[in-house]
Amino acid sequence: MPAEHITQGPAIPLARWADRQLQAMAEAHGLPCLAGATLMGERAAGGGYTISGTTSAGLGGSRLMPTRDGNWFALTLIRDVDRELLPALFGDDTIDTRDWNAIAAAVLRHDVRDLVETGRTLGLPVARIDEVPASPAVEAMLRGENRKRAALHQALVVDLSAIWAGPLAGHLFWQAGMEVVKVESLTRPDLIRRDDPATFDRINQGKASILVDFADDAQKAALVALIRRADIVIESSRPRALPHLDIDAETLIRETPGLVWLSITGHGASGEAADWVGIGNDCGVAGGLTRAMAEAGGGIGYVADAVADPLTGIVAAREGLAAYESGVAQRIGLSMSAICAMALAEERAHNRAMIDAELRAWGQAVGHPFPIVGTRPLKAAVRPIGADTARYLSAMASC
């Protein structure tokens, strides 16, 4: 295993599971041998996070709150638009949407199933601790034609995703020697660029950066032309978002031999669950990690830091590399909550006593700093936002 490891504090639950995935990718695809604890813990360690129990680490944008029926409800509020939906969630126009105490009092007046159902209808990132994931962790959704590539072909990855899971997958593809192009919207750049620049830099180093005005038909057409040249696409959009931007995933997969399309979602890429919004902390709750920690004697709380994000980024890279090497065009759906459930089940099968001990120790460490893990220095430049737009989009527009 690599040198990076936890030097202080409780073990990060599921880091050993992540280790095994990363080790397998290193052996099969030539990636550097990274440590699961590093990818899962370097953001928290670098940010000086504290294990906060029912409040998520870092900025505390996600909370676990008791409900009227004795259950627990997870709610994530990192966007202003989410707070604007709270009166509709609670049926109360008087609630102070900036006051977590007022929000917790409102939660306590409702049953958890009603809150989750209403919240998902509204588009809020919500969960309850006794959920069973609605979708498979990894779903083969569509297959297209095979593509034969030259022996020295450098794969091109177009990364349309944001925040952590998708960009981490792109980072691992870059580690495997692929050319990765990060795409951001002119009007809605990646939130993590502003909110957590250190993490942004770490998982986007070495990537080209293009900025697209999605109100400009020529730029949208140039982006689609770039996608047609790509080997892998990463996206984390709700179903209606990409067609609204004139990006038709199914058509592109059918018409582009060998194109691997990774759709990262909170709870599934098809059916009703595809419209449910999910973010790393609440998806960990929906994946059963809070319940598992309580059953192990660690009480109610969040497990690790936005745990579904790094686990999903690792799985997306694993699936994407295998699909790319098969040469077959395909769309793969990845459910963040179901990936957490899968990792937990596999780790329990591997060593139930150890994962229970790790969960218990994590839950009992409330108030302590996150474990100190080995962090990685930047090995490549982080391109300024939009620095490569002309290079990639102008070339496509002239084709």
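Rules behind the numbers
- Residues numbered from 1 in each chain as written.
- Predicted model: local features only at pLDDT ≥ 70, side-chain atom pairs only at ≥ 80, totals over all residues.
- Heavy atoms only, no water.
- Helix = DSSP H or I, 4+ residues; strand = E, 2+ residues; numbered from the N terminus.
- Rg over C-alpha atoms; globule rule 2.2 N^0.38 Å.
- Buried < 20%, exposed > 50% of the residue type's maximum accessible area, 1.4 Å probe, protein only.
- Contact = heavy atoms within 4.5 Å.
- Lys, Arg positive; Asp, Glu negative; His and termini not counted.
- Charge placed at Lys NZ, Arg CZ, Asp CG, Glu CD.
- Pairing = 2+ DSSP bridges.
- Axes fitted to C-alpha atoms, helices over the stretch in contact; angles between N-to-C directions.
- Core = buried A, V, L, I, M, F, W, Y, C linked by side-chain atoms within 4.5 Å.
- Right-handed = clockwise from strand over helix to strand, strands pointing away.
- Phe/Tyr/Trp six-rings, centres within 6.5 Å; stacked < 30°, edge-to-face > 60°.
- Lys NZ or Arg CZ within 6 Å of the ring centre and 35° of its normal.

- You'll find the protein entered in an unreviewed UniProt entry as Acyl-CoA transferase/carnitine dehydratase-like protein, with Novosphingobium resinovorum given as the organism.

1. A short note on the overall build of the protein
Then step 1. When its secondary structure is counted, the protein shows 17 helices and 12 strands.
Then step 2. Relative to a compact globule of 399 residues, whose C-alpha radius of gyration would be 21 Å, the protein shows 21 Å and is just as compact.
Then step 3. Taking the principal axes of its C-alpha atoms as reference, the protein extends roughly 60 × 50 × 35 Å.
Then step 4. Taken across its 399 residues, the protein has 56% of its residues classed as buried.
Then step 5. Taking the contacts inside the protein whose residues are at least 6 apart along the sequence as the reference set, 78% of them involve residues at least 24 apart.
Then step 6. For the protein, the centre of its 38 positive side-chain charges and the centre of its 48 negative side-chain charges are spaced 3 Å apart.

2. Focus on the sheet that holds strand β2 (residues 62-66)
Consider a sheet: its strands pair through backbone hydrogen bonds, and that pairing is either parallel or antiparallel.
Then step 1. Taken in spatial order, the three strands of this open sheet run β2-β3-β4, and their pairing is antiparallel. The open sheet has two free edges, formed respectively by β2 and β4 (126-128), since each of these has just one partner strand. With direction set aside, neighbouring strand axes in the sheet form an average angle of 20°.
Then step 2. Set on the sheet, helix α5 (residues 100-107) makes contact with β2 and β3 (72-76); between it and β2 the angle comes to about 40°.
Then step 3. Contacting β3 and β4, helix α6 (residues 112-122) runs over the sheet at an angle of about 155° to β4.

3. Describing the sheet that holds strand β11 (residues 328-335)
Then step 1. The strand order across the open sheet built from seven strands is β5-β11-β10-β9-β6-β7-β8, with neighbouring strands paired in mixed fashion. The open sheet is flanked by β5 (138-146) and β8 (208-212), the only strands paired with a single partner. Adjacent strand axes in the sheet meet at a mean angle of 15° when their direction is disregarded.
Then step 2. Bridge count between strand β7 (residues 179-185) and β8: five bridges; the pairing is parallel.

4. Some remarks on the nonpolar core
Then step 1. Membership of the largest hydrophobic core comes to 68 residues, with the highest contact counts inside it found for L172, F173, I232, L262 and L311.
Then step 2. No other element matches helix α16 (residues 336-363), which puts 10 residues into this core.
Then step 3. Setting aside its immediate chain neighbours within four residues, I232 contacts L156, V157, V158, F173, M178, L259, V260, L262, G320 and Y324.

5. Re the pairing of β7
Then step 1. Burial of β7 is extensive: six of the seven residues sit out of reach of the surface.
Then step 2. Taken together, strand β6 (residues 156-159), helix α7 (residues 165-175) and β7 constitute a β-α-β crossover, and its handedness is right-handed.

6. Points about the packing of aromatic side chains
Then step 1. Enumeration according to the criterion identifies two aromatic pairs in this entry.
Then step 2. Taking 6.2 Å as the distance between ring centres and 85° as the angle between the ring planes, the aromatic pair formed by Y49 and F370 counts as edge-to-face. A residue pair is termed long-range when its members are at least 10 positions apart, and Y49 in the loop between α2 (36-47) and β2 and F370 in the loop between α16 and β12 (372-373) qualify at 321 residues. Each member of the pair, Y49 together with F370, is buried.
Then step 3. Through a chain of ring-to-ring contacts, the aromatic side chains of Y49, W362 and F370 assemble into a single cluster.
Then step 4. Above the plane of the ring of W276 lies R120, whose end atom (NZ or CZ) is 4.5 Å from the centre.

7. Description of the environment of L64
Then step 1. Summarising the element assignment, L64 is placed in strand β2.
Then step 2. Between the C-alpha atoms of L64 and L75, which are 11 residues apart in sequence, the distance is 6.7 Å.
Then step 3. If sequence neighbours within four positions are ignored, L64 has contacts with T54, W72, F73, A74, I129, V285, T290, I300, G301 and Y302.

8. A look at unusual backbone geometry
Then step 1. The phi angle at D246 is positive, at roughly 65°, despite the residue not being glycine.
Then step 2. Along the chain, D246 falls in the loop between α11 (241-244) and α12 (249-255).
Then step 3. Here A304, not a glycine, exhibits a phi torsion of approximately 65°, which is positive.
Then step 4. Note that A304 resides in the loop between α14 (289-295) and α15 (308-326).
Then step 5. Classification of A304 as buried rests on a relative accessible area of 4%.

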